[in-house]
Amino acid sequence: MPLTNAELWAAALGYVLPPVIAIVAQPRWTGAVKGLLMLVVALLVGLGTAYFNGNFSGKPIVTCMLTAAIAIGIAYHTVWRPSGIAPGIERATSTAGPRHAADGA
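This text gives an overview of the structure that appears in the document. (Residues numbered from 1 in each chain as written. Predicted model: local features only at pLDDT ≥ 70, side-chain atom pairs only at ≥ 80, totals over all residues. Heavy atoms only, no water.)

**Focus on the packing of helix 1 (residues 5–16) against helix 4 (residues 58–80)**
We apply this condition: In this analysis an axis means a line fitted to C-alpha atoms, helices contributing only their contacting stretch, and an angle means the value between N-to-C directions, from 0 to 180 degrees. Each helix corresponds to a stretch of at least 4 residues labelled H or I by DSSP, and each strand to a stretch of at least 2 residues labelled E; elements are numbered beginning at the N terminus. Here is the rule for angles: anything less than 35 degrees is roughly parallel, anything more than 145 is roughly antiparallel, 65 through 115 is roughly perpendicular, and the remaining ranges are oblique. Each crossing is labelled by how the near helix is turned from the far one, with a counterclockwise turn of less than a right angle marking it left-handed and a clockwise turn marking it right-handed. Residues count as neighbours in contact if any of their non-hydrogen atoms are within 4.5 Å of one another.
Where helix 1 contacts helix 4, the axes come no closer than 7 Å and their chain directions differ by 30°. Judged by the angle between their axes, helix 1 and helix 4 are roughly parallel. Regarding helix 1 and helix 4, the two cross each other, and that crossing is right-handed. Here A6, E7, A10, A11, G14 and Y15 of helix 1 lie close against helix 4, whose contacting residues are T63, C64, T67, A68, A71, I72, A75, V79 and W80.

**Looking at the pattern of salt bridges**
Note the following rule: By convention in these notes, a salt bridge is any Lys or Arg side-chain nitrogen within 4 Å of a carboxyl oxygen on Asp or Glu.
The full count for this structure, using the stated rule, is one salt bridge. The shortest N-O distance in the salt bridge between K34 and E90 comes to 2.9 Å. One end of the pair, K34, is in helix 3 (residues 31–52); the other, E90, is in helix 5 (residues 85–92), and 56 residues separate them in sequence.

**Structural notes on the packing of aromatic side chains**
Under the convention used in this document: Two rings from Phe, Tyr or Trp (for Trp, the six-membered ring) form a pair when their centres are within 6.5 Å of each other. A pair whose planes differ by under 30 degrees is stacked, one over 60 is edge-to-face, and the rest are tilted. Throughout, exposure labels follow a simple rule: accessible area from a 1.4 Å probe, protein chains only, divided by the maximum for the residue type, with under 20% read as buried, over 50% as exposed, and the rest as partly exposed.
The final tally for this structure, using the stated rule, is two aromatic pairs. Between the aromatic rings of Y51 and F52, the centroid separation amounts to 5.2 Å while the plane-to-plane angle is 75°, which identifies the pairing as edge-to-face. There is no split in this pair, since Y51 and F52 are both exposed. Look at Y51 and F56: their rings are 5.7 Å apart centre to centre, the planes differ by 90°, and that puts the pair in the edge-to-face class. F56 gets classed as partly exposed once you look at its relative accessible area, which sits at 48%.

**What about helix 1?**
Basically, it comes down to this: Given the number of residues in a helix, its expected span is that number minus one, multiplied by 1.5 Å. Working note: the arc is built from the helix axis to C-beta atom directions.
For helix 1, with 12 residues, the first-to-last C-alpha span of 17 Å sits near the 16 Å given by 1.5 Å per residue. For helix 1, the complete set of buried residues consists of A6, E7, A10 and G14. Taken down its axis, helix 1 places every buried residue within 100° of arc, on the same side. Counted as exposed and oriented over 90 degrees from the buried face of helix 1: N5 and W9.

**As for the layout of surface pockets**
Which entries qualify depends on this criterion: For each structure, a 1 Å grid was placed over the protein atoms alone; sets of points admitting a 1.4 Å probe that cannot get out are labelled cavities, open sets with protein on both sides within 12 Å along at least five of seven lines are labelled pockets, and lining residues have an atom within 4 Å of a point. Grid points are joined across faces, edges and corners, and a volume is the space filled by probe spheres set on the points. Classes in brief: Ala, Val, Leu, Ile, Met, Phe, Trp, Tyr, Cys and Pro nonpolar; Asp, Glu, Lys and Arg charged; the others, Gly included, polar.
Of the voids in this model, the largest pocket is the one considered here, and its volume is about 250 Å³. Every residue lining the largest pocket is counted, 13 residues in all, and those nearest its centre are I21, K34, G35, M38 and Y76. At the level of secondary structure, the elements contributing two or more residues to the lining of the largest pocket comprise helix 2 (18–24), helix 3 and helix 4. Here the lining of the largest pocket takes four residues from helix 4, the largest share from any one element. Its residues assigned to classes, the lining of the largest pocket shows seven nonpolar, three polar and three charged.

**A look at a nonpolar patch on the surface**
To keep things clear, this is the line we draw: For patch detection, residues must exceed 30% relative accessible area and be free of salt bridges, and they are connected within 9 Å for like charges or within 5 Å for nonpolar side chains (Val, Leu, Ile, Met, Phe, Trp, Tyr). Areas reported here follow the Shrake-Rupley algorithm with a probe of radius 1.4 Å; residue values treat only the protein chains shown as occluding.
Together, V40, L44, L47, Y51, F52 and F56 make up an exposed nonpolar region whose accessible area comes to about 680 Å². Note that F52 resides in helix 3. Given a relative accessible area of 70%, F52 falls into the exposed group.

This is the structure in structure tokens:
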């Protein structure tokens, strides 16, 4: 069964979104909270890709959401986390990161 254009867009966006998600995610958050953030992003990607491809109805929306969730999860665990890029972004954008001596702490 071939994928629709909306599903292909959801998969492509899902592949490149883990670094963007890492900007929001904090290193101190649990895996469950990070997973919920990923699911919220997948829901938004699914809604957006279905809408912009003219498939904004029940089944296409759900398949786009699931496609995005799977793509985000696979990309994060096979590319972005092992390379250290996503965890590095999380550390760099952390609101509770370590202070440097030059900051006057």
